[in-house]
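# Summary of the model geometry
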Amino acid sequence: MAITSSQFEILRQLFSNADAEQKAAFLEWLNAPAASKAAKSVPASFDAFFAEKRTVLVCPRCGSVHIFKNGHRNGRQRYNCKDCKTSFVATNNTILHQSKKDLAVWTLYINCMMRKLPLRQTAKICGIHLATAFAWRHKILDALTNMMEGIKLDGVVECDETYQLVSFKGNHRNSRTFQMPRKAHKRGGTAEKRGLSQEQVCVTCGVNLGRQSVGRISNLGKPSCKDLASVLDGHVAEGAVMVTDAHRGYCKLADAYRASHIRIPRHRHTAQGFNIQLVNYYHSVLKGMINIHFKGVATKYLNNYVVWHNLVNFAHGPEGEKEMVMRDFVLTTKCLSFWKKNLVRPAIPVAA
Ligand SMILES: [Zn+2]
């Protein structure tokens, strides 16, 4: 039996009056699979969260384990180091460092990211400023980039490249360091030159059947073997079966990685029963997210969107579980401040 429209209105009003922590708990409950709805909850505080995730705390300055609790500040447990006398909190060097928002807001924000909500809507739901929402998005994605570092693709590994038009989307007018190298394209513009040119960034990707993936901008235009290596090096397991198109560079790489190599000839779709359908699917979903869902993203941040896509669109697993992985990783991993990182973030981040 459905509730009446006035009952629904009450529900809506109750929700809008809930505080951030209650909203986060509610949304998490809503998104959880039915079976686990009763058990799930948001960690009550930073300290509870870190007590659960980080069993051993060490001094962030000297690495000593000789630390003792020393009162609270802003609701967070402080520690002192016996060896170097530094005072610190568990959030030092993490994304939460110097964040004035509490854990519930971050949890809510990560839920919005799992749902790929636009920034404006996210800012509204979390009760934060639009600029904060923007900074958080890339702080979180910068942290997730570290997660990709550890990925080792085994089994059948499909590798291929996809291209995106270089975009300088964003507010460059106020930048003192950035000069627009050409006239702005209208959104979703087309390249002036036909075929592959320096106007297109090449995103080199590798995926396996277990739905693990790596992907990053490797170069401008057509990639060389070295360009492909700049992304794939360290990410293909020994003994894997690399399935690629006819690009000659992959032969050398497969050798170097001690992987078998299935090379699909030009104008063919399969070779020896293998194809590169999964990596093609990966590309089409990525392009849909970037060009249609987000209406184009700045090349400066493209790598971050690839990482986002890797976890949210492509990785296997129930939504609730992926969300927990994202939250736990993002909140506990070490990261630089967004603004510091942005000062050195290149407009076109080619890997080599
Ligand atoms: Zn110390």
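A brief structural summary. Because the structure is a prediction, the values reported are computed rather than measured.

Running from N to C, helix α6 (residues 130-149) and helix α10 (residues 299-314) point in directions that differ by 70 degrees, and their axes come no closer than 9 Å. In terms of axis orientation, α6 runs roughly perpendicular to α10. The crossing of α6 and α10 is left-handed. Between α6 and α10, the residues in contact are F134, R137, H138, L141, D142, L144, T145 and M148 and Y301, N304, Y305, V307, W308, N310 and L311, respectively. Looking at the contact of α6 with α10, its residues break down into nine nonpolar, four polar and two charged.

Moving on, we come to the coordination of the zinc ion. Coordination of the zinc ion by the protein is provided by C59 (SG), C62 (SG), C81 (SG) and C84 (SG), with metal-donor distances spanning 2.2 to 2.3 Å. Bound by four donor atoms, the zinc ion shows angles of 105 to 114 degrees at the metal and therefore tetrahedral coordination geometry. Read in sequence order, the donor residues for the zinc ion give the motif C-x2-C-x18-C-x2-C. Among the residues examined, C59 registers a relative accessible area of 2% and is labelled buried.

Okay, the side chain of N304 next. For N304, the position within the fold is in helix α10. Its relative accessible area of 5% is what places N304 among the buried residues. Beyond its immediate chain neighbours, meaning those up to four positions away, N304 contacts H138, L141, D142, T145 and R345.

Taken as a whole, this structure holds nine aromatic pairs when the rule is applied. Ring centres of F15 and F26 lie 5.5 Å apart, and the angle between their planes is 55 degrees; on these two criteria the pair is classed as tilted. Of this pair, F15 sits in helix α1 (residues 5-17) while F26 sits in helix α2 (residues 20-31); the two residues are 11 residues apart in sequence, bridging distant segments of the chain. For F26, a relative accessible area of 35% puts it in the partly exposed group. Ring centres of F134 and Y301 lie 5.6 Å apart, and the angle between their planes is 85 degrees; on these two criteria the pair is classed as edge-to-face. Here F134 is found in helix α6, whereas its partner Y301 is found in helix α10, with 167 residues between them in sequence.

Pairing within the open sheet is mixed, and its five strands lie in the order β6-β5-β4-β7-β8. The open sheet is flanked by β6 (213-220) and β8 (260-263), the only strands paired with a single partner. The sheet shows a mean angle of 25 degrees between the axes of neighbouring strands, taken without regard to direction. Relative to the sheet, α10 contacts β4 (156-165), β5 (200-208) and β6, its axis offset from that of β6 by approximately 160 degrees.

Tallied over the full model, the rule gives zero disulfides. Here C112 is not cross-linked by a disulfide; its sulfur's nearest cysteine counterpart is in C126, at 4.3 Å. According to the relative accessible area criterion, C112 is buried, its value standing at 0%. No disulfide involves C251; its nearest neighbouring cysteine sulfur is the one of C225, lying 8.9 Å away. Accessibility expressed as a relative area gives 26% for C251, which makes it partly exposed.

Locating G63 in the fold gives a position in the loop between α3 (46-53) and β1 (67-73). By relative accessible area, G63 is classed as partly exposed at 42%. Through-space distance from the C-alpha of G63 to that of C84 is 9.5 Å; in sequence the pair is 21 residues apart.

Moving on, we come to the pattern of salt bridges. One pass over the structure, following the stated rule, counts four salt bridges. The partner of D142 in a salt bridge is R345, with the nearest N and O atoms 2.9 Å apart. In this pair, D142 is assigned in helix α6 and R345 in the segment after α12 (338-343), connecting sequence segments 203 residues apart. Neither D142 nor R345 differs from the other in exposure class; each is buried.

Conventions we followed
- Residues numbered from 1 in each chain as written.
- Predicted model: local features only at pLDDT ≥ 70, side-chain atom pairs only at ≥ 80, totals over all residues.
- Heavy atoms only, no water.
- Axes fitted to C-alpha atoms, helices over the stretch in contact; angles between N-to-C directions.
- Helix = DSSP H or I, 4+ residues; strand = E, 2+ residues; numbered from the N terminus.
- Parallel < 35°, antiparallel > 145°, perpendicular 65-115°, else oblique.
- Left-handed = near helix turned anticlockwise from the far one by under 90°.
- Contact = heavy atoms within 4.5 Å.
- Nonpolar A, V, L, I, M, F, W, Y, C, P; charged D, E, K, R; others polar.
- Donors = N, O, S within 2.8 Å, 3.2 Å for Na, K, Ca; no water.
- Tetrahedral: all angles 85-135°; square planar, octahedral: opposite > 155°, others 65-115°.
- Buried < 20%, exposed > 50% of the residue type's maximum accessible area, 1.4 Å probe, protein only.
- Phe/Tyr/Trp six-rings, centres within 6.5 Å; stacked < 30°, edge-to-face > 60°.
- Pairing = 2+ DSSP bridges.
- Disulfide = S-S within 2.5 Å.
- Salt bridge = Lys/Arg side-chain N within 4 Å of Asp/Glu carboxyl O.

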